[in-house]
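# Architecture at a glance
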Amino acid sequence: MPSVFETSSTATPITFVTKSSWDQVAETLPPSQRQFARASAFAAKPGGYLALPATDGTIAQVLFGLEEESARSRDLFRPGALPGLLPPGTYRFANAPHDARLAALAFALGCYRFARYRKADRPDVRLVPPDGVDAAEIERIADAAMLARDLINTPSNDMGPDELAAAAQALAAEFGASFACTIGEELAKSFPLIHAVGMASSRAPRLIDIVWGDPDHPKVTLVGKGVCFDTGGLDLKPSSGMLIMKKDMGGAANVLALTRMVMDAKLKVRLRVLIPAVENAVAGNAFRPLDIFTSRKGITVEIGNTDAEGRLVLADALALADEEAPDLLIDLGTLTGAARVALGPDLPPFYTNDETLASDVARCAVKENDPLWRMPLWPPYDAWLDSKTATITNAPSGGFAGSITCALFLQRFVERAKSWLHVDIFGWTPSAKPARPEGGECQAARAIYALLSERYA
């Protein structure tokens, strides 16, 4: 992405105002601009925008409304609406928004357009970095977020397991990381659950494996669900439930975004990235309800529902990751509708038994305006996974606590890792918000990157 930041002594100022500060700001304006604002009925509402003219007809400055400092529902990404409002040019913040760093990030994220299939001109605007803001770090995060958005927004006919692997390989090559891909008979032998989910598709399933960094540094392993399209399998989804299932590889997309941030920042970790890439399709050889498979870990899994496939592919990948006993093991996946029912599309739940990690994740999520909410790995529900014919089932009956039981299922495959974090993301923005266009979204990756940066800079 071309840089959104630029140094300029002639940048047009953007003045942030609230309803309570507007009268005071208005008094500082030249009389002609003050009259223009009043004639335009500018009231400093959140998101309100007004370009004030200079005497020569150019833009003297821009007014932009924010929520009050004390507002409970401040949108710290509100300035992300500016790129879609501003005429071409270079701008600067004339005064401080609620959070200058997040406002600059929102400005960069607000420049995103998905233009692979039709023309969508990127806003021709630049921003002078606010004082004290690391422009390179902001661009690192924004570029990675846009990678995640592009991968998720690409339809499944152009983003199958092979194309997802190609995107991962290109990222690995860019930063000198090693890349490997397990496919075919070796996949069926070593990763039976991944193979079972993907074997009905004409596009072969695979396990993507990237390794980067100094082997002597702490081991951090990222695992991302890469279901490139989810029909639900033989437990077929209705058409409404299948409509945006191109996003079911959102965990993989966000893991690759996080990987980009970590490698670009040269964090002191030995990073491993595992992505089971499959398509959950329907065919004569599709896996069936009540089939039983022996996982990589040796746990036998009864298929209670073929639409609970994400936890299956993650289970084999987590088992491999756990064999190295990493210092920190993190998995991301678009896993359960139950998480959306409980917390909605914008607030993914996370799970961990590490109290320090939980506190750090929650704090970084707030700091980065990347919302996450801790949910419990509730031990009494673990018995719900019991099967009469196998070790566990992938889909307990009853329908209660679906996100929790998914997390408990995955926990069965993690024993040796020193610390484990599971995040059940949505990976999609249903309706546009400032800096967050409708479509694929980068969720949890920014918060986790902030955590990793604190620990391993």
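Every residue gets a number counted from 1 within its own chain, in the order that chain's sequence is written. Two thresholds apply to this predicted model, a pLDDT of at least 70 for residue-level local features and 80 or more for giving and counting side-chain atom pairs, whereas whole-chain, interface and lining totals are computed over all residues. Computation of side-chain values: all heavy atoms of the structure, hydrogens and water removed.

Moving on to the pairing of strand 7 (residues 206-212). For strand 7, the buried fraction is high: 6 of the 7 residues fall into the buried class. As judged from the 6 bridges shared by strand 6 (residues 178-183) and strand 7, these two strands associate in the antiparallel manner. Across the sheet, isoleucine 183 pairs through a bridge with arginine 206, a residue of strand 7. Being paired, for any two strands, means DSSP has found at least two bridges between them. Put simply, DSSP marks the helices as runs of H or I at least four residues long and the strands as runs of E at least two long, and each gets a number from the N terminus on. Bridging between strand 7 and strand 10 (residues 270-280) involves 7 bridges; their strand directions are antiparallel. Among the inter-strand pairings, arginine 206 is bridged to a residue of strand 10, identified as alanine 277. Summary of the burial criterion: residues with accessible area below 20% of their type's maximum are buried, those above 50% are exposed, and those between are partly exposed, where the area comes from a 1.4 Å probe applied to protein chains only.

This paragraph deals with the packing of aromatic side chains. Working definition: an aromatic ring pair is given by the centre-to-centre distance plus the angle between the planes. Two rings from Phe, Tyr or Trp (for Trp, the six-membered ring) form a pair when their centres are within 6.5 Å of each other. A pair whose planes differ by under 30 degrees is stacked, one over 60 is edge-to-face, and the rest are tilted. In the structure shown here, the tally under the stated rule is 7 aromatic pairs. Ring geometry for tryptophan 22 against phenylalanine 42: centres 5.1 Å apart, planes inclined by 80°, an arrangement best described as edge-to-face. Within this pair, whereas tryptophan 22 is found in helix 1 (residues 22-28), its partner phenylalanine 42 is found in the loop between helix 2 (31-39) and strand 2 (49-53), the two being separated by 20 residues in sequence. For the pair formed by tryptophan 22 and phenylalanine 42, the shared burial category is buried. Ring centres of phenylalanine 114 and tyrosine 117 lie 6.0 Å apart, and the angle between their planes is 55°; on these two criteria the pair is classed as tilted. Among the residues examined, phenylalanine 114 registers a relative accessible area of 25% and is labelled partly exposed. Judged by relative accessible area, tyrosine 117 falls into the partly exposed class, the value being 45%. Connected via pairs of aromatic rings, a cluster forms that spans Phe16, Phe64 and Phe93. Both a distance and an angle decide whether a charge sits over a ring: NZ of Lys or CZ of Arg must be within 6 Å of the ring centre and within 35 degrees of the ring normal. The lysine or arginine in question, arginine 149, covers the ring of tyrosine 112, its NZ or CZ lying 5.2 Å from the ring centre.

All right, on to helix 13 (residues 402-411) then. Burial runs high along helix 13: 8 of the 10 residues are buried. Among the residues of helix 13, those classed as buried are Ser403, Ile404, Thr405, Cys406, Ala407, Leu408, Phe409 and Leu410.

This part covers the packing of helix 9 (residues 250-265) against helix 14 (residues 445-456). Two elements in contact, helix 9 and helix 14, have axes whose closest approach is 9 Å; the angle formed by their N-to-C orientations is 30°. For the element pair helix 9 / helix 14, the angle class is roughly parallel. Helix-helix and strand crossings are classified by hand; for helix 9 and helix 14 the assignment is right-handed. Between helix 9 and helix 14, the residues in contact are Asn254, Leu258, Met261, Val262 and Ala265 and Ala445, Arg446, Ile448, Tyr449 and Leu452, respectively. Gly is placed with the polar residues, together with every amino acid not listed as nonpolar (Ala, Val, Leu, Ile, Met, Phe, Trp, Tyr, Cys and Pro) or charged (Asp, Glu, Lys and Arg). Of the residues contributing to the contact of helix 9 with helix 14, the split by class is 8 nonpolar, 1 polar and 1 charged. Whenever a helix is involved, its axis is fitted only over the stretch in contact; in every case the axis is a line through C-alpha atoms, and angles between N-to-C directions fall within 0 to 180 degrees. Working definition: roughly parallel below 35 degrees, roughly antiparallel above 145 degrees, roughly perpendicular at 65 to 115 degrees, and oblique for all remaining angles. Take the far helix as the reference: if the near one is turned anticlockwise from it by less than a right angle, the crossing is left-handed, and if turned clockwise, right-handed. What makes two residues a contact is simply this: any of their non-hydrogen atoms within 4.5 Å.

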